[in-house]
Amino acid sequence: MDPDERAQETGLWDSLPDGIVICDGNGVVLLVNRTARRMLGDQAHPGAHLAEALTLQDQDAADWFSTVRPFEGLGIRTGVPEQSWLLPDGSEVLVTTRLERAGAGLPVERVALVLRSGRGRARLDRERSDLVATVAHELRSPLTGVKGFVTTLLSKWDRLNDEQKKLMLTTVATDAERLSRLITELLDAARIDTGRLSLYRRDLAVVPIVDRVVDSVRVGTHRTIITEHYEAGARVFADPDKFVQVITNLVDNAIRHGDGDVQVTTGPGPLGFRFVVDDHGSGIPAALRARVFTKFWKDGVRGGSGLGMYIVNGLVRVHTGELTITDAPGGGARIVVDWPAVDPRP
């Protein structure tokens, strides 16, 4: 390789965002890119021994080379999974090691390491902490109500009349139902994330299900819900419980976030069946519509766990359907669900 080609190759390695260190079978460093030099310092350079170049330590001050021993161990070892190590300045770095051999049982001919800043993992840890805090907050609110009323009932049972007892027990039942619903949503979100959502699909008549859901929602609201069916015999291929969950969530959202009447429309669609919910609220700006389907997204100060639309979108997708958000003709948001009418699987 002539000097120009070598310089070009070095430039390509230097353009990588992660640190790269490569050494030969004797532990002599062949390559250190710019990111690795910035992490490890001046002692990391071509020609140095890997034990001297890689100044990494664990929490117990043990160095990387003597701990990993890349040239020893089983003859079938081909690498070391990502591990956390500390740089000389104390910052965390994630190291992944690749051991190259000509064949099983033969000596290591080359060691390649990738060094990645631990800031990404720290950010992930913060996001997980935020997730735990959000879930804890959502659980604590109904639990506080349950604990308060139960404590009052236990301590003042003889001084409360039947109406007061009934009111408190009704409130406890409502908060317990809220807790149960939140836990179900968290489990559904986890199952969607991991692809472990169980589906029991079959052919369903749409209109009776939609009417039953709408009648159930009407009981708990003073708002008017208008239904319009353009195909009385419309059918879908879906898990009945998941289909009801989607319809219920969308109608509930329209009641909670909109104003005025709610319009529910069913009829033919590009995938076989289309379900549309229109509200008359402030609508959802186009720039925010993609965020509606993310976890714990909430619109303004309205209540809810922020998981509803994430789960709805996940349920629609696993049924090979499509969910879109547009503007309702009379103002507000329009949620459109296209659902397969027949089994889409081979």
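Going by the structure above, here's the rest.
Keep in mind that this is a model prediction, so the values were computed, not measured.

About the criteria used
Residues numbered from 1 in each chain as written. Predicted model: local features only at pLDDT ≥ 70, side-chain atom pairs only at ≥ 80, totals over all residues. Heavy atoms only, no water. Helix = DSSP H or I, 4+ residues; strand = E, 2+ residues; numbered from the N terminus. Buried < 20%, exposed > 50% of the residue type's maximum accessible area, 1.4 Å probe, protein only. Areas by Shrake-Rupley, 256 points an atom, 1.4 Å probe, with all protein chains shown as cover. Contact = heavy atoms within 4.5 Å. Core = buried A, V, L, I, M, F, W, Y, C linked by side-chain atoms within 4.5 Å. Pairing = 2+ DSSP bridges. Axes fitted to C-alpha atoms, helices over the stretch in contact; angles between N-to-C directions. Lys, Arg positive; Asp, Glu negative; His and termini not counted. Salt bridge = Lys/Arg side-chain N within 4 Å of Asp/Glu carboxyl O. Phe/Tyr/Trp six-rings, centres within 6.5 Å; stacked < 30°, edge-to-face > 60°.

Participant: Help me understand the overall build of the protein chain, please; the structure alone is not making it clear to me.
Facilitator: What the protein chain contains, in helices and strands, is 9 helices and 12 strands. Each of the 346 residues in the protein chain was classed as buried or not, and the buried ones make up 38%. Just so you have it, the protein chain exposes about 19600 Å², and 54% of that area is on carbon and sulfur atoms.

Participant: Would you take a moment to explain the side chain of asparagine 253 for this structure?
Facilitator: Residue position: asparagine 253 is located in helix 8 (residues 240-257). The contact partners of asparagine 253, leaving out residues within four places of it in the chain, are Gly258 and Met309.

Participant: Help me understand the nonpolar core, please; the structure alone is not making it clear to me.
Facilitator: For soluble globular proteins, nonpolar side chains are generally found buried alongside one another. Core analysis: the biggest nonpolar cluster contains 42 residues, and Phe243, Leu250, Phe275, Leu323 and Trp339 have the highest contact counts within it. With 7 residues, the single largest contributor to this core is helix 8. In terms of nonpolar packing, the next biggest core, distinct from the first, is built from 26 residues, Val29, Leu40, Leu56 and Val108 among them.

Participant: I would appreciate a short explanation of the sheet that holds strand 7 (residues 225-229) in the present structure.
Facilitator: As a general point, the strands of a sheet are linked pairwise by backbone hydrogen bonds and lie either parallel or antiparallel. Spatially, 5 strands are ordered 7-9-10-12-11 in an open sheet, and the strand pairing comes out mixed. One side of each edge strand has no neighbouring strand; the edge strands of this open sheet are strand 7 and strand 11 (322-327). Going across the sheet, the axis of each strand differs from the next one's by a mean of 15°, ignoring polarity. Two strands pair when backbone bridges link them, and strand 7 and strand 9 (residues 262-267) are joined in this way by 5 bridges, in the parallel orientation. By the bridge assignment, isoleucine 226 is partnered in strand 9 with glutamine 263. Along the sheet face, helix 9 (residues 308-318) touches strand 11 and strand 12 (333-340) and points at about 130° away from the line of strand 11.

Participant: Any chance you could explain the side chain of lysine 242 here in plain terms?
Facilitator: Here lysine 242 shows up in helix 8. In this structure lysine 242 is buried but unpaired, with aspartate 239 as the nearest side chain of opposite charge at 4.4 Å. Those residues in contact with lysine 242 that lie beyond four places of it in its chain are Leu197, Ser198, Leu199, Leu315 and His319.

Participant: Sorry, what's going on with the environment of alanine 173 here?
Facilitator: Secondary-structure assignment places alanine 173 in helix 6 (residues 162-194). Separated by 27 residues in sequence, alanine 173 and valine 146 place their C-alpha atoms 8.3 Å apart.

Participant: Which parts of the structure should I look at to understand the pairing of strand 4 (residues 92-101)?
Facilitator: When a strand is regular, its side chains alternate between the sheet's two faces. Sheet topology note: the strand 3 (residues 79-86)/strand 4 ladder contains 6 bridges and is antiparallel. Directly across from serine 84, in strand 4, lies its bridge partner leucine 94. Between strand 3 and strand 4, which pair antiparallel one after the other, the connecting turn spans 5 residues, and glycine 90 there sits at a positive phi close to 90°. In this antiparallel pair of consecutive strands, strand 4 and strand 5 (residues 108-117), the connection spans 6 residues, and glycine 105 shows a positive phi of 85°.

Participant: Even after reading the chapter, I still don't get the packing of aromatic side chains, so can you show me in this structure?
Facilitator: How two aromatic rings sit relative to each other is given by the distance of their centres and the angle of their planes. Taken as a whole, this structure holds 4 aromatic pairs when the rule is applied. On the basis of an interplanar angle of 90° and a centroid distance of 5.0 Å, the ring pair of phenylalanine 243 and tryptophan 339 is categorised as edge-to-face. One end of the pair, phenylalanine 243, is in helix 8; the other, tryptophan 339, is in strand 12, with 96 residues separating them in the sequence. You'll find phenylalanine 243 and tryptophan 339 in the same group, each marked buried. Linked through ring pairs, Trp64, Phe65 and Phe71 together constitute an aromatic cluster.

Participant: It is not clear to me how the environment of leucine 199 should be interpreted in this structure. Could you clarify?
Facilitator: Mapped onto the fold, leucine 199 is located in the loop between helix 6 and strand 6 (202-205). Along the backbone, leucine 199 and leucine 315 are 116 residues apart, and their C-alpha atoms lie at a distance of 9.6 Å.

Participant: How do you make sense of unusual backbone geometry when you look at a structure like this?
Facilitator: Trans is the common state for peptide bonds, and a negative phi is the common state for residues other than glycine. The phi torsion at arginine 69 lies on the positive side, around 50°, for a residue other than glycine. Unusually for a residue other than glycine, threonine 320 sits at a positive phi of about 60°. Secondary-structure assignment places threonine 320 in the loop between helix 9 and strand 11.

Participant: Can you walk me through the pattern of salt bridges in this structure?
Facilitator: Opposite charge on two side chains lets them pair, provided their charged atoms get close. This model, assessed by the stated rule, comprises 9 salt bridges. Arginine 116 is the partner of aspartate 18 in a salt bridge, and the nearest nitrogen-oxygen pair spans 3.2 Å. One end of the pair, aspartate 18, is in the loop between helix 1 (3-14) and strand 1 (19-24); the other, arginine 116, is in strand 5, with 98 residues separating them in the sequence. The class of aspartate 18 is buried, set by a relative accessible area of 19%. The closest approach of N and O atoms between aspartate 188 and arginine 191, which form a salt bridge, is 3.7 Å. With aspartate 188 and arginine 191 both in helix 6 and 3 residues apart, this pair spans about one turn of that helix. Connected via shared salt-bridge partners are Asp14, Arg34 and Arg37.

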